[in-house]
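A look at the structure
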Amino acid sequence: MATPPLTLDQLNAAPLDEVCAMLAGLYAHAPWIARAALQQRPFRSLAQFKYALCQVVTNAGKDAQLALLRAQPELAGEAMVDKSLTGESTNMQNKAGLTPCTPAEFEKIQQLNSDYKARFGFPFILALGGPRGLGLQRAEIMATFERRLQGHPDPEFQEGLRNLHRVAEIRLNDKFGRSIERGNRVWDWQEALAQYSDPGYAELGQLTVTYLTDAHRACAQRISNNMREAGCDDVHIDAVGNVVGRYKGTGENPKALMTGSHYDTVRNGGKYDGRLGIYVPLACVQRLKRANKRLPFDLEIIAFAEEEGQRYQATFLGSGALTGDFKPDWLDQVDAEGISMRQAMEHAGLCIDDIPKLKRIASDYMGFVEVHIEQGPVLNELNLPLGIVTSINACVRYTGEMLGMASHAGTTPMHCRRDAAAGVAELMLHVESRAAADGDSVGTVGILNVPGGSINVVPGRCQFSLDLRAPTNAQRDALVSDVLAKIEQITKARGLHYHLTETLRASAAPSAPAWQQRWEAAVAALGLPLHRMPSGAGHDAMKLHDLLPQAMLFVRGENAGISHNPLESSSSDDMQLAVQAFEHLLNSQAQELS
């Protein structure tokens, strides 16, 4: 007879030794973790207990953490051969196809195990259940093994611990019979959408969806179908390619809550950037529809057609059209193949004359909320699945060129040089130190080019870019002022000249206090601590900020939170929590209006 799943009441009320026995095997060879976490009972949710487990390990100190890592079995290692693995580890390695291996595969894994342990001092640890909990394929495991073998010891140490926490999370789900159906559904929707990619990338297995390509239009059709199947009452594709779904509320002419995010991608990007914010609210609509429940307001979900600026030199085409900020001269821009935006729109069957009609009337809406993958390492480092955005950073960008004198690298004495690249290098170091000393500010020189450079020539020209961001306009402007002053100082001291052109200036978009508080209440209801953070990246919410009060919820990313990269990932468990938080926000708003 199968053992009945544990309950939260048992976790909170059963004697300590009894609960510890129930949780045996959660962290292999480390029962002390669960025992220490249980000292914090009672827990409001399983998510709160998971976080408590993580905190026990975090607070245990480096020596205990290292001992924990060293106690773990190697993948397809000796413990598997002599059958001394725990039942949980054996089952997961079997699911991953690591047993049995061919002699050649086994030899390769053993060499990787040996190289990894020699480099880091502990075994390679990977949550074989993967982000969906169904198990990783052998090829994925090997690719991850080889990639992480090249990592830096400090981040890899933390990555090992995070993978142990993910293993424990999957085991906890099993022990408690926890259903993450909606998180799985959101994950599956995004996986299905990722099958569409632009030519030249699709053949390489890379995800690229740029504005109004065939892949982009196929995504729009799939999202439309998903919206209809989930229960949206009205679904259409508007004049710029946004997919708009509306779940109608009760009463006559109710106001709407707008939500959504973008479905275009950067080149060779990830599956969740933007798209997570489309499907989390759609999972809530699906449940409302199945329960035959209506809210006292309309919920408008918008899959914005363009946010990334990859095909044309214009961004936020989708959300900008809703604020009345679609500039007609953009229609004459051409892509790399000489196709104008106007031609692309006409080919897609969009009615350009209707674009001005897309502008929303603020009084028709209560606000705009957006769910987005964090695209950074903060939540990952804190072992937190959700974060509350306080503001989207202000930004200013420049393209520049430093001018010196090209000269012979062998005959020009060091004190006689006018090295343009060295001047930019000095500027880069200043940007790094100045931004680091300024709280949540960031500064980046992302483009660095020496035209016609040669190994034996002192650079006479160096082209560069500047990207400066901060949580407030005043903080950004102070950062900009200091950096520009430093350029003047560098060029004067080195006998250089420079040209600088501002290409973008965007104001900060602070979250509306009332909507930020609603997100905070939703996260707190899950039993999770609140982590408030700025968004360093721009989002559609930044554009909607011009029209409506807005606030965002961040969802933790895996692989150190990397984004704009094929390694971008998030777990279905975290997506489930995002759905629950969104559902709480909807229900709370319904109660406020009742």
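Refer to the preceding data block for the structure.
The structure reproduced in this document is the subject of the present report. (Residues numbered from 1 in each chain as written. Predicted model: local features only at pLDDT ≥ 70, side-chain atom pairs only at ≥ 80, totals over all residues. Heavy atoms only, no water.)

**Digging into the overall build of the chain**
The number of helices and strands found in the chain is 21 helices and 16 strands. Relative to the globule expectation of 25 Å for 594 residues, the C-alpha radius of gyration of the chain, 26 Å, shows essentially globular dimensions. When the 594 residues of the chain are sorted by exposure, 53% land in the buried category. A separation threshold of at least 6 residues defines the contact pool for the chain, and within that pool the share at least 24 residues apart is 77%. For the chain, the distance from the average position of its 57 positive side-chain charges to the average position of its 68 negative side-chain charges is 2 Å. (Helix = DSSP H or I, 4+ residues; strand = E, 2+ residues; numbered from the N terminus. Rg over C-alpha atoms; globule rule 2.2 N^0.38 Å. Buried < 20%, exposed > 50% of the residue type's maximum accessible area, 1.4 Å probe, protein only. Contact = heavy atoms within 4.5 Å. Lys, Arg positive; Asp, Glu negative; His and termini not counted. Charge placed at Lys NZ, Arg CZ, Asp CG, Glu CD.)

**Re the nonpolar core**
Ranked by size, the top nonpolar core spans 102 residues in total, and within it Tyr-211, Phe-326, Met-345, Leu-386 and Trp-519 carry the most contacts. If we skip the residues at most four places from it in the chain, Leu-386 touches Leu-379, Val-523, Leu-526, Leu-528, Leu-553, Phe-554, Val-555, Asp-574, Leu-577, Ala-578 and Ala-581. Residues Leu-6, Leu-11, Ala-34 and Leu-46 belong to the second largest nonpolar core, which totals 46 residues. (Core = buried A, V, L, I, M, F, W, Y, C linked by side-chain atoms within 4.5 Å.)

**Section: the side chain of His-430**
The residue His-430 is located in helix α17 (residues 420–436) in this model. The residues touching His-430, leaving out its near neighbours within four places in the chain, are Asp-482, Val-483 and Lys-486.

**Points about the state of the cysteines**
Inspection of the entire model under this criterion finds zero disulfides. Left without a disulfide partner, Cys-219 is nearest to the cysteine sulfur of Cys-232, which lies 17 Å away. Classification of Cys-219 as buried rests on a relative accessible area of 0%. (Disulfide = S-S within 2.5 Å.)

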